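# Notes for the structure review
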Amino acid sequence: MRSNLLFGFAGLMIAGIAFIAGMLVEWHFLVVQSTIGTSELDGTWQAVRMELEDGVSNNAAASVTRLTIAGDKIKQSGMIGDIDGFITTDPTQNPKTFDAGGIRGAGNEAVRMNWSGIYEREGDTLKLCFSTGIKGERPKEFKSKPATLLILKRVKS
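These lines cover the structure that appears in this document, whether it is placed above or below. On a predicted model such as this, the values are computed, not experimentally measured, just so you know.

## Considering the overall build of the protein chain
- The secondary structure content of the protein chain amounts to two helices and eight strands.
- Each helix and strand of the protein chain, ordered N terminal to C terminal, gives the series α-β-α-β-β-β-β-β-β-β.
- A buried classification covers 27% of the 157 residues belonging to the protein chain.
- Counting only contacts in the protein chain whose residues sit at least 6 apart along the sequence, the fraction spanning at least 24 positions is 40%.
- Of the roughly 10100 Å² that the protein chain leaves accessible, carbon and sulfur atoms contribute 61%.

## Here's the deal with the packing of aromatic side chains
- One pass over the full model with this rule turns up one aromatic pair.
- Centre to centre, the rings of Phe98 and Phe130 are 6.4 Å apart; their planes meet at 70 degrees, and the pair counts as edge-to-face. Here Phe130 lies in strand S7 (residues 125–132) and Phe98 lies in strand S5 (residues 96–104), a separation of 32 residues in the sequence. By the burial criterion, Phe98 is buried, and Phe130 matches it.

## Describing the side chain of Glu51
- By the secondary structure assignment, Glu51 is in strand S1 (residues 43–51).
- At a separation of 3.1 Å, a polar atom in the side chain of Glu51 contacts the side chain of Arg49.
- Within polar-contact distance, the side chain of Glu51 engages the side chain of Ser144 at 2.8 Å.
- Not counting residues within four places of it along the chain, the set of residues in contact with Glu51 comprises Val56, Ser57, Ser144, Ala147, Thr148 and Leu149.

## Examining the pairing of strand S6 (residues 111–122)
- Where S5 and S6 come together, nine bridges link them in antiparallel fashion. Each residue of the ladder has a partner; that of Ala100, found in S6, is Trp115.
- Counting the residues between successive antiparallel strands, the hairpin from S5 to S6 contains six residues, one of them, Gly105, with a positive phi of roughly 85 degrees.
- Pairing geometry for S6 and S7, over eight bridges, is antiparallel. Pairing of Tyr119 across the sheet is with Leu128, part of S7.
- Between the antiparallel neighbours S6 and S7 lie two residues, among them Gly123 with a positive phi of about 60 degrees.

## Concerning the environment of Lys73
- Tracing the sequence through the fold places Lys73 in strand S3 (residues 73–77).
- Aside from chain neighbours lying at most four places away, what touches Lys73 is Thr68, Gly85 and Ile87.

Each value, and the rule that gives it
Residues numbered from 1 in each chain as written. Predicted model: local features only at pLDDT ≥ 70, side-chain atom pairs only at ≥ 80, totals over all residues. Heavy atoms only, no water. Helix = DSSP H or I, 4+ residues; strand = E, 2+ residues; numbered from the N terminus. Buried < 20%, exposed > 50% of the residue type's maximum accessible area, 1.4 Å probe, protein only. Contact = heavy atoms within 4.5 Å. Areas by Shrake-Rupley, 256 points an atom, 1.4 Å probe, with all protein chains shown as cover. Phe/Tyr/Trp six-rings, centres within 6.5 Å; stacked < 30°, edge-to-face > 60°. Polar contact = N/O pair within 3.5 Å; in protein donor to acceptor, adjacent residues only side chain to side chain. Pairing = 2+ DSSP bridges.

Here is the structure:
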């Protein structure tokens, strides 16, 4: 009888732990996953100003730089060629953060590009400040030197 009680108690404990674990997983997907997204950035954006990591403005590059964001996909077209890649954001951070990357070119010419940065969207204006490279640190404020600052306007369809 005592062993039956122990087995029953052990079964109840396992069921309780499984229930709690399931609730934690569901909480993770409802709360954490909902904060990681790009919906406020979805659309096509045309660069209007670009300041490079050395602080120099490059408005010629800005005039041909365009981003299209849809969910976790990003496409950049510009002077350095087209880049198809991914983007993730975390709007719970202050300032809001993003990580993006992709491949420019193909075959032996392919180059992996990575960005770690911060963003701010006000209406139809998107401000991105980011570092490039493997060891690039995420900027803490919206200024070039040592990061790249890119100001974009939403393209109306």
